Amino acid sequence: MVGLFCLLCLLSSCRKETDPNDVTILFWTALAENRPDEAKQYSVPDSELFFDKKLRNAYVQTGKVEINYDQATVETFISRQSAASGSSFTTYLIRVQKSDLWKVDYKRTLDNIDDKKFKDLFSTLHKLGKEAKTHAKEKLFPAVKDKTKILWESVKNWFKKQTKKLLG
């Protein structure tokens, strides 16, 4: 980790980051190492309002980079030592017009992560709903049907007794 940090510092002091892949790694590494001021340098204005402190001790890897004029996306994978698996998502970047530097659009990135998590949650809830429906059909409905039948018989008997009392 220290070696990676030194390499990144050396790279950042020698030249300006004009590659979305480099900016993505520098941004997420700065966040993971709790250096919000440095992460701020690699992100669009007001991104620091959304910085997450849960990224400490995380490792960053990047995958496919897509550049479309002044916007780019970088496939990003973050893992932690303490976690069995990591998270994969897309980091969105915007090229700053006058300086030709790439900056992370952190809010848009978070919105994408939240959408994915929301969709995963919705999918999980949908599966649980199907399982609950199946369980209800197999176990609950027969039990309710039996209880309803017993209750109905009790109500009928009560009415018969009441009718006999009134008429008798």
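Before any of the text, the structure's been laid out above.
A few points on the structure. (Residues numbered from 1 in each chain as written. Predicted model: local features only at pLDDT ≥ 70, side-chain atom pairs only at ≥ 80, totals over all residues. Heavy atoms only, no water.)

### Focus: a nonpolar patch on the surface
Thinking step 1. A cluster of nonpolar side chains, contributed by Leu-151, Trp-152, Val-155, Trp-158 and Phe-159, occupies part of the molecular surface with about 570 Å² of accessible area.
Thinking step 2. Assignment of secondary structure puts Val-155 in helix 4 (residues 106–167). (Patch = residues over 30% accessible without salt bridge, like charges linked within 9 Å, V, L, I, M, F, W, Y side chains within 5 Å. Areas by Shrake-Rupley, 256 points an atom, 1.4 Å probe, with all protein chains shown as cover. Salt bridge = Lys/Arg side-chain N within 4 Å of Asp/Glu carboxyl O. Helix = DSSP H or I, 4+ residues; strand = E, 2+ residues; numbered from the N terminus.)

### Quick look at the side chain of Thr-76
Thinking step 1. Here Thr-76 shows up in strand 2 (residues 71–80).
Thinking step 2. Side-chain polar atoms of Thr-76 contact the backbone oxygen of Val-74, separated by 3.0 Å.
Thinking step 3. Setting aside residues no more than four positions away along its own chain, Thr-76 makes contact with Thr-24, Trp-28, Val-60, Gln-61, Ser-87, Ser-88, Phe-89 and Thr-91. (Polar contact = N/O pair within 3.5 Å; in protein donor to acceptor, adjacent residues only side chain to side chain. Contact = heavy atoms within 4.5 Å.)

### Quick notes on the environment of Trp-102
Thinking step 1. Note on placement: Trp-102 falls in strand 4 (residues 102–104).
Thinking step 2. Owing to a relative accessible area of 2%, Trp-102 belongs among the buried residues under this scheme. (Buried < 20%, exposed > 50% of the residue type's maximum accessible area, 1.4 Å probe, protein only.)

### A short note on the packing of aromatic side chains
Thinking step 1. Across all of its chains, the model carries 7 aromatic pairs by this definition.
Thinking step 2. Geometrically, the ring pair formed by Trp-28 and Phe-89 is edge-to-face, given 5.3 Å between the ring centres and 70 degrees between the ring planes. Placement of the pair is Trp-28 in helix 2 (residues 20–32) and Phe-89 in strand 3 (residues 87–95), with a sequence separation of 61 residues. Like Trp-28, the residue Phe-89 is buried in the burial classification.
Thinking step 3. Each residue in the set Phe-27, Trp-28, Phe-51, Phe-89 and Tyr-106 is aromatic and connected to the rest through ring pairs, giving one cluster. (Phe/Tyr/Trp six-rings, centres within 6.5 Å; stacked < 30°, edge-to-face > 60°.)

### A few points about helix 2
An α-helix turns once every 3.6 residues. As a result, residues three or four positions apart point the same way.
Thinking step 1. Helix length check: helix 2 (13 residues) gives 18 Å between terminal C-alpha atoms against 18 Å at 1.5 Å per residue, within 8%.
Thinking step 2. With 11 of its 13 residues buried, helix 2 lies for the most part within the structure.
Thinking step 3. Buried residues of helix 2: Pro-20, Val-23, Thr-24, Ile-25, Leu-26, Phe-27, Trp-28, Thr-29, Ala-30, Leu-31 and Ala-32, and no others.
Thinking step 4. The positive-phi residue at the C-terminal boundary of helix 2 is Asn-34, with phi of around 55 degrees. (Expected span 1.5 Å × (residues − 1).)

Function cannot be inferred from these measures alone, as they are strictly geometric.
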